[in-house]
Amino acid sequence: MSSTSYEQLLREAFRTEAEAAQYLSAADLSAYKTFEQAGKADIAFRFERVRLAVAMSILKLLADLGDHEESRKVMDVLHRALKAKSVQEIDATITKDAKLFEKLYTNLYVNEDGELLLGLFERTLDADTKPLMEEVIQEALQVAQELDFSHHDEDEDEEDEA
């Protein structure tokens, strides 16, 4: 697999220019290419950046699917962690807000699509090899392309009419 699926997933999750600009830097968009080219000393950090961007994308899809505030909060933590300069900084950022990850599952009602996204999110966090991450990216991309966000369009139309 090339970085194409990774980039497509990011575009599916961050569908507007404003969302992409808010959450994704050029380095985030090219993180998979950078990971593939990384030397031994840098590969763990580069892998973590890919994992963070994939996890953030999945949570963005979940947040958009159900307007879920906890998903947005965890997504913001992952966004801050993407700015880290080392694996240790990533871990510190995540650890600092670990309680938000626990709240993600509290009082959460999700439909089948939401459960699927949560499962993919968990698999992203558990993925510790390139093949496992590639599998998650492929599945997340497929799910992202099949999700129906039309209810948000209807909500916006109703607000415009009010």
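Residues numbered from 1 in each chain as written. Predicted model: local features only at pLDDT ≥ 70, side-chain atom pairs only at ≥ 80, totals over all residues. Heavy atoms only, no water.

Caption draft 1: A look at the pattern of salt bridges. Taken as a whole, this structure holds 13 salt bridges when the rule is applied. A salt bridge links D64 to R15; the shortest N-O distance between them is 3.5 Å. Linking D64 in helix α5 (residues 43-66) with R15 in the loop between α1 (3-13) and α2 (17-23), this pair joins segments that are 49 residues apart in sequence. Classification of D64 by relative accessible area gives buried; the value is 7%. Classification of R15 as partly exposed rests on a relative accessible area of 41%. Residues K130 and E134 are paired through a salt bridge, measuring 3.9 Å at the closest nitrogen-oxygen approach. With K130 and E134 both in helix α10 (residues 130-146) and four residues apart, the pair spans about one turn of that helix. Residue class for E134 comes out buried when judged on its relative accessible area of 16%. Salt bridges linked by common partners bring R15, E19, K60, D64 and R72 together as one network. (Salt bridge = Lys/Arg side-chain N within 4 Å of Asp/Glu carboxyl O. Helix = DSSP H or I, 4+ residues; strand = E, 2+ residues; numbered from the N terminus. Buried < 20%, exposed > 50% of the residue type's maximum accessible area, 1.4 Å probe, protein only.)

Caption draft 2: Up close: the packing of α5 against helix α7 (residues 87-96). At a minimum axis distance of 9 Å, the contact between α5 and α7 shows a crossing angle of 35°. Facing α5, whose interface residues are A44, F45, E48 and L52, α7 presents V87, I90 and I94. Along the lines of polarity and charge, the residues of the contact of α5 with α7 split into six nonpolar, no polar and one charged. (Axes fitted to C-alpha atoms, helices over the stretch in contact; angles between N-to-C directions. Contact = heavy atoms within 4.5 Å. Nonpolar A, V, L, I, M, F, W, Y, C, P; charged D, E, K, R; others polar.)

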